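Here's the letter readout for the chains.
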Amino acid sequence: MTHSAQASAQSAFRAQLLTFNGDPSRSPEAAVFHEDGLLIVEDGHVVATGAYAALAPRLAPGTPVQDMRGKLIVPGFIDTHIHYPQTDMIASPAPGLLPWLDTYTFPTERRFTDEAYARDTASFFLEELLACGTTTALVYCTVHKQSADALFAESEARNLRMVAGKVLMDRNCPEFLRDTAQSGYDDSAELIGRWHNRGRQLYALTPRFAPTSTEAQLEACGVLARKHADVFVQSHVAENLDEVKWVNSLFPGHRSYLDIYDHYGLLRRRAVYGHCIHFDAEDRRRMAQTGTVASHCPTSNLFLGSGLFDFDKADEAGMPVALATDVGGGTSFSMLQTMNEAHKVARLTGHHLTATRMFYLATAGAAAALDLADKVGTLRPQSEADFVVLDPQATPLLARRTARTESLEELLFAFALLGDDRAVYETYAAGRRVHRRDEVRAHAPRAARLAQVVA
Ligand code: GUN
Ligand code: ZN
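Note that residues are indexed from 1 along each chain, following the sequence as it is written. Numbering of ligands from 1 and lettering of chains from A proceed in the order in which they are written. Only residues with pLDDT of 70 or above have their local features reported here, since the model is predicted, and side-chain atom pairs are shown and tallied only from 80 upward, although totals for entire chains, interfaces and linings are computed over all residues. To obtain the side-chain values, all non-hydrogen atoms of the structure were used and water was disregarded.

Section: the pattern of salt bridges
Then step 1. Salt bridge criterion: a side-chain nitrogen from Lys or Arg within 4 Å of a carboxyl oxygen from Asp or Glu. Applying the stated criterion to the full structure yields 35 salt bridges.
Then step 2. The salt bridge involving Arg14 is made with Asp36; its shortest N-O contact spans 2.9 Å. Separated by 22 residues along the polypeptide, Arg14 in strand E1 (residues 11–20) and Asp36 in strand E2 (residues 31–42) bring together distant segments of the chain.
Then step 3. Note that Glu426 is salt-bridged to Arg436, the shortest N-O span being 2.8 Å. Taken together, the positions of Glu426 in strand E15 (residues 424–429) and Arg436 in strand E16 (residues 432–436) put the pair ten residues apart, joining distant regions of the chain.
Then step 4. It is possible to trace a salt-bridge network through shared partners that takes in Lys145, Asp149, Asp187, Glu190 and Arg194. Note on conventions: DSSP H or I runs of at least 4 residues are helices, E runs of at least 2 residues are strands, and numbering of each starts at the N terminus.

Next comes the structure, spelled out in structure tokens:
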């Protein structure tokens with residue numbers, strides 16, 4: 001697959017359009033919705049977004065307009081925390097995080113010494129994301145540098161904007177998954193040189209979490225972070241109470257779990273931490289002060305019984321928040337299903353999380369938090385043309401419910417609570433269609449592919 005065939009001519013899409021120019025929980029005008037909208041795309045970028053009646057006269061003569069009336073176009077979803085090597089072990093049962101890591105995660109990640117397996121998994125993983133309407137993700141690879149090469153190569157072949165990194169892990173894990181402070185530094189530096197800002201690819205320094213890194217490794221990671229100010233940093237923090245206890249015993253003398261990362265210079269813009277559940281007010285204040293992003297992973301937190309993320313406290317502190325699946329701890333690749341569970345987790349903490357805000361958090365909100373607001377997460381002119389066409393009639397139940405919705409919030413709420421990959425009609429990356437629901441995927445079971453050929 002190449003992107004060389006990307007059309008330089010304009011193309012246009014007529015549908016309902018939704019984009020955001022701010023957080024709708026702060027300003028109701030931040031959600032921009034066109035009931036009969038037109039999206040014009042050229043050279044992989046958005047040229048114009050607006051009302052059909054206003055924009056149609058501006059179309060270059062002969063520009064094909066795809067009539068998608070009845071469907072809703074939104075910016076491509078951004079998943080801010082996901083592990084591609086865990087694709088094959090999603091839905092593996094275990095009594096909590098630490099046994100789950102030992103029993104399923106580490107043995108599965110061992111397989112990524114095999115480059116062919118890594119490429120095949122990366123390919124399937126990206127197809128699954130696109131089928132769910134996710135066009136950008138912050139991706140954990142394994143400790144093996146070839147696992148990151150595989151993910152980036154598959155992403156580049158599809159011209160996707162992905163952020164990924166090789167995991168750093170030099171203690172408290174099986175010997176076969178261990179690097180060293182020096183080799184982790186060298187491999188990360190090499191991967192930054194090879195992939196960061198190459199096309200749409202971006203690198204993330206990825207210490208797995210504090211317990212699996214020595215102080216020397218966190219120190220080396222901090223050195224690399226300082227050297228490369230625009231590189232991302234991703235890790236896990238305060239996910240599970242047993243983990244927090246373990247961290248306290250491994251790193252005595254720190255004010256909190258988060259403080260360990262702070263000590264090594266790993267809190268900053270473009271740093272993203274999964275979970276952030278067992279935090280205190282000072283932790284949240286420090287996240288806000290440094291512009292560090294909390295990645296909320298509701299399906300994972302419920303599945304592993306990790307705890308309930310507190311939106312009220314996050315908002316009070318001004319802590320940047322985005323949504324994520326955390327597959328394979330998470331139980332779905334779908335950001336719609338992630339919104340469904342995020343809403344319920346918020347309900348349990350007494351917070352009403354609207355669908356409009358969740359769509360913002362999964363698009364423009366994530367892009368703003370990640371310092372990518374000029375590139376993705378929006379249908380604004382000049383931005384990269386990553387978008388999703390949602391089908392309100394995807395299932396009989398969704399059709400019945402959306403026939404009766406009386407506001408934008410109700411429509412988005414129906415998508416969030418009842419939708420999944422079936423609601424994603426098409427996905428576009430840099431203006432090119434990269435998924436169509438009704439076409440059988442290359443990775444589909446053989447019988448389904450044969451059936452399509454016969455048909
Ligand atoms: N903490 C350290 N590693 C992991 C992981 O792979 N998944 C989750 N959910 N938490 C972690
Ligand atoms: Zn994770």
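Remarks on the packing of helix H5 (residues 181–195) against helix H6 (residues 215–227)
Then step 1. Axis separation between H5 and H6 bottoms out at 9 Å; the angle between their running directions is 25°. Accordingly, the angle class assigned to the pair H5 and H6 is roughly parallel. In this structure, H5 crosses over H6, and the sense of that crossing is right-handed. Side by side, H5 and H6 meet where Ala181, Tyr185, Ser188 and Ala189 of the first sit next to Ala216, Gln217, Ala220, Val223, Leu224 and Lys227 of the second.
Then step 2. Across the contact of H5 with H6, the residue classes tally to seven nonpolar, two polar and one charged. Note on method: axes are straight lines fitted to C-alpha atoms, helices fitted across the in-contact stretch only, with angles between N-to-C directions ranging 0 to 180 degrees. Roughly parallel covers angles under 35 degrees, roughly antiparallel covers those over 145, roughly perpendicular covers 65 to 115, and oblique covers all other angles. The sense of a crossing depends on the near helix, which, turned anticlockwise from the far helix by less than a right angle, makes the crossing left-handed and, turned clockwise, makes it right-handed. Residue contacts are counted whenever heavy atoms from the two residues lie within 4.5 Å of one another. Charged residues are taken to be Asp, Glu, Lys and Arg, nonpolar residues to be Ala, Val, Leu, Ile, Met, Phe, Trp, Tyr, Cys and Pro, and polar residues to be all remaining types, Gly included.

Describing the coordination of the zinc ion (ligand 2)
Then step 1. The rule for donors is simple: N, O or S, within 2.8 Å of the metal, or within 3.2 Å if the metal is Na, K or Ca. Water isn't counted, so a site may look like it is missing partners. Only His81 (NE2), His83 (NE2), His236 (NE2) and Asp326 (OD) from the protein coordinate the zinc ion (ligand 2), and they sit 2.1 to 2.2 Å from it.
Then step 2. One can describe the site at the zinc ion (ligand 2) as irregular: its four donor atoms subtend angles covering 91 to 164° at the metal.
Then step 3. When the donor residues of the zinc ion (ligand 2) are listed from N- to C-terminus, their spacing reads H-x1-H-x152-H-x89-D.
Then step 4. Here's how the labels work: a residue is buried when its accessible area is under 20% of the maximum for its type, exposed when over 50%, partly exposed in between, all with a 1.4 Å probe on protein chains only. Judged by relative accessible area, which is 1%, His81 ranks as buried. Only two sets of limits are used to name each site, 85 to 135 degrees for every angle of a tetrahedral four-donor site, and over 155 degrees for opposite donors with all other angles from 65 to 115 for a square planar four-donor or octahedral six-donor site, with any other site named irregular.

Quick notes on the sheet that holds E2
Then step 1. Taken together, the seven strands give an open sheet; going across it, the order is E3-E2-E1-E4-E14-E15-E16, and neighbouring strands pair in mixed fashion. Among the strands making up the open sheet, the edge pair consists of strand E3 (45–51) and E16. The average undirected angle you get between the axes of adjacent strands in this sheet is 35°. At least two bridges found by DSSP between two strands are what make those strands a pair.

Side note on unusual backbone geometry
Then step 1. With an omega of 0°, the peptide bond running from Val327 to Gly328 counts as cis.
Then step 2. Within the secondary structure, Gly328 sits in the loop between strand E13 (321–323) and helix H12 (335–348).
Then step 3. Although it is not a glycine, Ala91 adopts a positive phi angle of roughly 65°.
Then step 4. Looking at the secondary structure, you find Ala91 in the loop between strand E5 (77–83) and helix H2 (97–109).
Then step 5. In this structure Ala91 comes out as exposed when scored by relative accessible area, which is 56%.
Then step 6. Backbone geometry at His275 places phi at a positive 90°, although glycine is not the residue there.
Then step 7. Inspection of the secondary structure assignment puts His275 in strand E11 (residues 271–275).

Examining the environment of Asp179
Then step 1. Considering the arrangement of structural elements, one finds Asp179 in the loop between strand E8 (167–168) and H5.
Then step 2. By relative accessible area, which is 9% here, Asp179 ends up buried.
Then step 3. Beyond its immediate sequence surroundings of up to four residues, Asp179 is in contact with Val143, Lys166, Val167, Leu168, Met169, Asp170, Gly184 and Gln217.
Then step 4. Definition of a polar contact: a pair of N or O atoms within 3.5 Å, with one able to donate and the other able to accept a hydrogen when the atoms are protein atoms, and with sequence-neighbouring residues admitted only if both atoms are side-chain atoms. One polar contact links Asp179 to Gln217, side chain to side chain, over a distance of 3.0 Å.

Thoughts on H2
Then step 1. Residue count minus one, scaled by 1.5 Å, sets the expected span of a helix. An ideal rise of 1.5 Å per residue puts 18 Å on 13 residues; H2 reaches only 16 Å between its terminal C-alpha atoms.
Then step 2. The seven residues ending at a residue and the seven starting there each receive a fitted axis; the angle between those axes is the bend at that residue. For H2, the principal kink sits at Thr103 and spans about 30°; a proline, Pro107, occurs within the next four residues.
Then step 3. Buried-residue contacts for H2 involve helix H7 (241–250) and helix H10 (298–303).

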